[in-house]
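Structural characterization, general
What follows is the residue order along each chain.
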Amino acid sequence: MTVVPRYYLHIQNGIGDVRDEEGVDLSGIPDARERAIEGIRSIVAEEARDGRIDLTGAIVISNATGETLLAVPFHEAFDLRLDG
């Protein structure tokens, strides 16, 4: 029987900290990072609708014991280009 680890993706941004109390079962840290990037893009898309984008936040990924495994800064979810 394969045990799938549970990861918790906590949001830290200019609005405040939002702890993930439920978590999600994923196959590993690479999948958790991809889920974090999807979440970041969704958050920033909502902000963009209001005309404000804040890339100073991060999603902090932890395991069931609360150990921080990885932090994904918001800016890593985008390929930003300011020139033509």
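Just so it is clear, the structure is predicted and the values come from calculations on it, not from any experiment.

The rules behind these values
- The numbers attached to residues start from 1 for each chain and follow its sequence in the written order.
- Two thresholds apply to this predicted model, a pLDDT of at least 70 for residue-level local features and 80 or more for giving and counting side-chain atom pairs, whereas whole-chain, interface and lining totals are computed over all residues.
- Heavy atoms from the whole structure form the basis of all side-chain values; hydrogens and water molecules are not counted.
- Exposure is judged per residue with a 1.4 Å probe applied to protein chains only, and the accessible area is read against the type maximum: over 50% gives exposed, under 20% gives buried, and values in between give partly exposed.
- Runs of H or I in DSSP of at least four residues are treated as helices and runs of E of at least two as strands, each being numbered from the N terminus.
- By definition, two strands form a pair when at least two bridges between them are found by DSSP.
- A pair is scored as a salt bridge if a Lys or Arg side-chain nitrogen falls within 4 Å of a carboxyl oxygen belonging to Asp or Glu.

**Details of the pairing of strand β4 (residues 58-62)**
Burial runs high along β4: five of the five residues are buried. Neither face of β4 is left uncovered, since the one carrying A58, V60 and S62 and the one carrying I59 and I61 both have all their residues buried. Examined bridge by bridge, strand β1 (residues 6-13) and β4 share five bridges and lie antiparallel to one another. Paired with Y8 across the strands is S62, a residue of β4. Between β4 and strand β5 (residues 68-73), which pair antiparallel one after the other, the connecting turn spans five residues, and G66 there sits at a positive phi close to 90 degrees.

**Describing the environment of V3**
The residue V3 is located in the segment before β1 in this model. When the C-alpha positions of V3 and L70 are compared, they lie 20 Å apart, and in sequence the two are 67 residues distant.

**A few points about the pattern of salt bridges**
One pass over the full model with this rule turns up five salt bridges. Here R49 ties to E46 by a salt bridge, and the two come within 2.4 Å at their closest N and O atoms. Pair noted here: R49 and E46 are both in helix α1 (residues 29-49), with a separation of three residues, about one helical turn. The class for R49 is exposed, based on a relative accessible area of 61%. Given the relative accessible area of 48%, E46 is considered partly exposed. Linking D54 and R52 is a salt bridge whose minimum nitrogen-to-oxygen distance equals 3.7 Å.

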